[in-house]
Amino acid sequence: MKPQTAAKKLGLYLPATPEEFQHGALTHEEFRALQENPPEWLSTLRREGPHPRPVVAQKLGVTITALKKNDLDNPLTTAEIKDLLADQPEWLRAARTQLAEGRTQPEETQD
């Protein structure tokens, strides 16, 4: 498995991973071992970041599109995400509300 694929599946920002992870292919057994018994570097990255865009969007409760529209297209650390959630800019409040409303509206049925 390519490093990019493994990083995506693990929810990691590839440039923040160790060099040997970035430049070496993983077997499926090695990948499963990382999932089942993560090394310290993996646990630290998951806990502290920096996090890739999909993880940032999920942690903020917004879409990736909302991040891009508001120039937050860069990876963020957990601390930066917590700061944004603690002191939410107007765009973040609006994007979170819009996503929440979209999830709670019943699907329209067609006859």
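For the structure, check the block above.
Predicted, not measured: the structure shown is a model, and the values here were computed from it. Position numbers for residues count from 1 along each chain, tracking the sequence in the order it is written. Local features are withheld for residues below a pLDDT of 70 in this predicted model, meaning they are given only at 70 or higher, and side-chain atom pairs are given and counted only at 80 or more; totals for whole chains, interfaces and linings count all residues. Side-chain numbers come from the whole structure's heavy atoms, not from hydrogens or water.

Hey, could you run me through the overall build of the chain in this one?
Across its full length, the chain carries 8 helices and 0 strands. In this description a helix means any DSSP run of H or I spanning at least four residues, a strand means any run of E spanning at least two, and both kinds are numbered starting from the N terminus. For the chain, the succession of helices and strands along the chain, N to C, is α-α-α-α-α-α-α-α. The reference for a compact globule is 2.2 Å times residues^0.38; the radius of gyration itself is calculated from the C-alpha atoms. Relative to a compact globule of 111 residues, whose C-alpha radius of gyration would be 13 Å, the chain shows 17 Å and is clearly more extended. Projected onto its principal axes, the C-alpha positions of the chain cover 50 × 40 × 20 Å. Residues counted as buried form 32% of the 111 residues belonging to the chain. Any pair of residues with heavy atoms lying within 4.5 Å of one another is described as a contacting pair. Restricting the contact set of the chain to residue pairs at least 6 apart, pairs at least 24 apart contribute 52%. Per-residue and other accessible areas were derived by the Shrake-Rupley procedure at a 1.4 Å probe size, with only the shown protein chains allowed to occlude residues. A total of about 7700 Å² of accessible surface is found on the chain, and carbon and sulfur atoms cover 48% of it. Only four residue types enter the charge count: Lys and Arg as positive, Asp and Glu as negative, with His and the chain ends excluded. All charge positions are set by atom: Lys at NZ, Arg at CZ, Asp at CG, Glu at CD. The positive charge centre, built from 14 side chains, and the negative charge centre, built from 17, are 2 Å apart in the chain. Only protein chains enter the accessibility calculation, which uses a 1.4 Å probe. A residue is then buried if its area is under 20% of the maximum for its type, exposed if over 50%, and partly exposed in between.

Which parts of the structure should I look at to understand unusual backbone geometry?
Among all residues except glycine, the phi angle is most often negative; among peptide bonds, the trans geometry is most common. Omega for the peptide link from Gly49 to Pro50 comes to 10°, which places this bond in the cis form. Residue placement: Pro50 occurs in the loop between α4 (40-48) and α5 (53-60). One non-glycine residue, Asp71, adopts positive backbone phi at about 55°. Within the secondary structure, Asp71 is located in the loop between α6 (64-69) and α7 (78-86). Relative accessible area serves as the criterion here: at 67%, Asp71 is assigned to the exposed category.

Please clarify how the nonpolar core should be interpreted in this entry.
In this text, buried Ala, Val, Leu, Ile, Met, Phe, Trp, Tyr and Cys residues form a nonpolar core when linked through side-chain atoms within 4.5 Å. Leu60, Val62 and Leu67 are the most contacted members of the largest nonpolar core, which totals 13 residues. Apart from the residues within four sequence positions on either side, Leu60 is in contact with Leu67, Ile81, Leu84, Leu85, Leu92 and Arg96. In this structure, Ala7, Leu12, Phe21 and Leu42 belong to the second largest nonpolar core, which totals 11 residues.

Help me out: how do you make sense of the packing of helix α1 (residues 3-10) against helix α3 (residues 28-36) in this one?
Geometrically, a packed helix pair is captured by the angle between its two axes and the distance between the axes. Axes here refer to lines fitted to C-alpha atoms; in helices the fit is confined to the stretch in contact. Angles between the N-to-C directions go from 0 to 180 degrees. Where α1 meets α3, the closest approach of the two axes is 12 Å, and the angle between their N-to-C directions is 30°. Considered as vectors, α1 and α3 are oriented roughly parallel to each other. Between α1 and α3 lies a crossing whose hand is right-handed. Contact residues: Ala6, Lys9 and Leu10 in α1; Phe31, Leu34 and Gln35 in α3. For this classification, under 35 degrees means roughly parallel, over 145 means roughly antiparallel, 65 to 115 means roughly perpendicular, and everything else is oblique. Put simply, a crossing is left-handed when the front helix is turned counterclockwise from the back one by less than a right angle, and right-handed when it is turned clockwise.

Sorry if this is basic, but what is going on with the side chain of Gln88 here?
Looking at the secondary structure, you find Gln88 in the loop between α7 and α8 (90-104). Leaving out residues up to four positions away in the same chain, Gln88 has contacts with Arg93 and Arg96.

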